[in-house]
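A closer look at the structure
Single-letter residue listing:
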Amino acid sequence: MAIVAGFFTALVIGTLLLMLPISKRGPGGADGLDALFTATSSVCVTGLITVDTPTYWTGFGQVVILALIQIGGFGVMAFSALLGVLLAGRLGLRAKIQVAQETKSAGLGHVGRVLVGVLKIGLLTEAVVAVLLALRFFLGYGYAPARAVWEGIFHAVSAFNNAGFALYTDSLSGFVGDPWICLPIAAAVITGGLGFPVLFELRRQYRRPARWSMHTKLVLSGSALLLVVGTAFFTVVEWTNQATLAGLPTGQRFLAAFFQSVVSRTAGFNSIDISQMHPVSWMGTDILMFIGGGPAGTAGGLKITTFAVLFFILWTEIRGGAAVNIFGKRLSRSVHRQAITVVLLALALIVISTMVLMFLSDFGQERLLFEVISAFGTVGLSTGITAALPPAGQLILVALMFIGRLGPVTLASALALRSRAPHYEYPKERPLIG
């Protein structure tokens, strides 16, 4: 509950700041719903918008959005605890427990080092990407130095935190064929999406892959597989689509397909027009958004490890095995139930939300399902209907973003904490299946 309260507090403060007249271009302050939606999308590192970021918000409003992205990506409780470490030099037991839950630290004694490590990785990645982008904006596009630096910083922070906010009305479509823009952003998205536990382990044992944990192996192999499959999928489906890939040179087609594969699992950038993609591509994107990235990082979705566990359960059942073995280790049976529970509850929420939106709006099921999964997976991609949804529909997306950011980790932690050995068991019986 402390993590939920922390995110809610950040959300309220962000909404109030964005409602100030100084945050909005033109006379008056921002509409309350637009401010709430933008603040939620920022702190939940989603990227869905109801108003155009570069033209609606002032420089101050954009700074507020960037601060919310950084806080939300780092983790509200982790951010608060880091301030405690920096100011007081230590953490209390309650703070250690909350941060360990949010960052999935191995032990309470390591929380301080985890926080500092998370901060170093985040700032270093953002700094490197910001420099590369700023140089490209300055040297390649002739931006003024101040603008080049600001846009480099903004997009680097948005990319590493998998937020997907951009300072262009068409997101990154203007740079669809520029590898000096797309590849650094893709690298930041991938790095943040692996999750901090994986990054820590790679830093310690990058030369000893045999010693990597099951978690790290699942995230790395799953990420690589999804990147390759996603790139091939978008290349094949969109190759002849004149509104997306067909009008690009061959090399740029592959770059655009790769970039779309990267951002579809967690970051709401786009270098091609999502609204003009083939419906098959929408369905494929739905699947990638639902899966997401690695746990305990800046990525959204239900996480690669959840679906990897389900795959190995399925594979073991098909082969008639007695136990689920992954990379030479036996998977705990409690993890089986946790993965199945999280996925089924998420599917129920997505189905119900889509049905409600179908009642509230006239848009088709394909587009509404896309928006719902994008909000729940905190991805931020859109077919272009977010701003056109009725206020009640936008509030549903707000709730989905909040639940999607906090729900899976909170539910998984609660299930793990409630796990206990039974004192008795009922007799076994098998119903007919299929």
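Residues numbered from 1 in each chain as written. Predicted model: local features only at pLDDT ≥ 70, side-chain atom pairs only at ≥ 80, totals over all residues. Heavy atoms only, no water.

Here's the deal with helix 12 (residues 250–264)
The cut-off we apply is this: What counts as a helix is a DSSP run of H or I of at least four residues, what counts as a strand is a run of E of at least two, and both are numbered from the N terminus. Multiplying 1.5 Å by the residue count of a helix minus one yields the expected span of that helix. To sort residues, take the accessible area from a 1.4 Å probe on protein chains only and compare it with the maximum for the residue type: under 20% means buried, over 50% means exposed, and anything in between is partly exposed. Every residue pair with non-hydrogen atoms within 4.5 Å of one another is taken to be in contact.
Between its first and last C-alpha, helix 12 extends 21 Å over 15 residues, near the 21 Å set by a 1.5 Å rise per residue. Along helix 12, the positions that sit buried rather than exposed are R253, L255, A256, A257, F259, Q260, S261, V262, V263 and S264. Those residues of helix 12 that are buried lie in contact with helix 9 (179–194), helix 11 (214–238) and helix 13 (279–291).

Side note on the packing of helix 4 (residues 59–74) against helix 8 (residues 145–160)
Threshold: The convention used is that axes are lines fitted to C-alpha atoms, helices contributing only their stretch in contact, and that angles between N-to-C directions extend from 0 to 180 degrees. Here is the rule for handedness: rotate from the far helix to the near one, and if that takes an anticlockwise turn smaller than a right angle the crossing is left-handed, while a clockwise turn gives right-handed. The nonpolar class holds Ala, Val, Leu, Ile, Met, Phe, Trp, Tyr, Cys and Pro. Asp, Glu, Lys and Arg form the charged class, and all remaining residues, Gly among them, are polar.
Interhelical geometry of helix 4 versus helix 8 gives an angle of 35 degrees and a closest axis separation of 9 Å. Of the two possible hands of crossing, helix 4 and helix 8 adopt the one that is left-handed. Facing Q62, V63, I65, L66, I69 and Q70 of helix 4, the residues of helix 8 in contact are W150, I153, F154, V157 and S158. Its residues assigned to classes, the contact of helix 4 with helix 8 comprises 8 nonpolar, 3 polar and no charged.

Quick word on the environment of I396
Mapped onto the elements, I396 comes out in helix 17 (residues 391–418). Using a relative accessible area of 19% as the deciding quantity, one classes I396 as buried. On a C-alpha basis, the gap between I396 and A375 in space is 9.3 Å, while along the polypeptide they are 21 residues apart. For I396, the residues in contact, after removing those within four places along its chain, are S353, V356, L357 and L360.

Thoughts on helix 13
The first and last C-alpha atoms of helix 13 sit 19 Å apart over 13 residues, in line with the 18 Å expected at 1.5 Å per residue. Buried residues along helix 13 sit in contact with helix 11, helix 12, helix 14 (304–319), helix 15 (333–360) and helix 16 (365–376). Positioned one or two residues after helix 13, G292 has a phi angle of 80 degrees, which is positive.

Regarding the UniProt feature "transmembrane region" (unreviewed entry) in the protein chain
Selection criterion: UniProt positions are given in the numbering used here, feature names are shortened, and annotations may be inferred rather than shown by experiment.
The feature "transmembrane region" (unreviewed entry), as given by UniProt, occupies residues 6–23, 63–93, 114–139, 180–202, 214–234, 287–315, 335–361 and 395–417 in the numbering adopted here. Along residues 287–315, the helical share is 59% and the strand share 0%, with 20 Å between the first and last C-alpha atoms. Each end of residues 335–361 is marked by a C-alpha atom, and these two atoms are 39 Å apart; helix forms 96% of the span and strand 0%.

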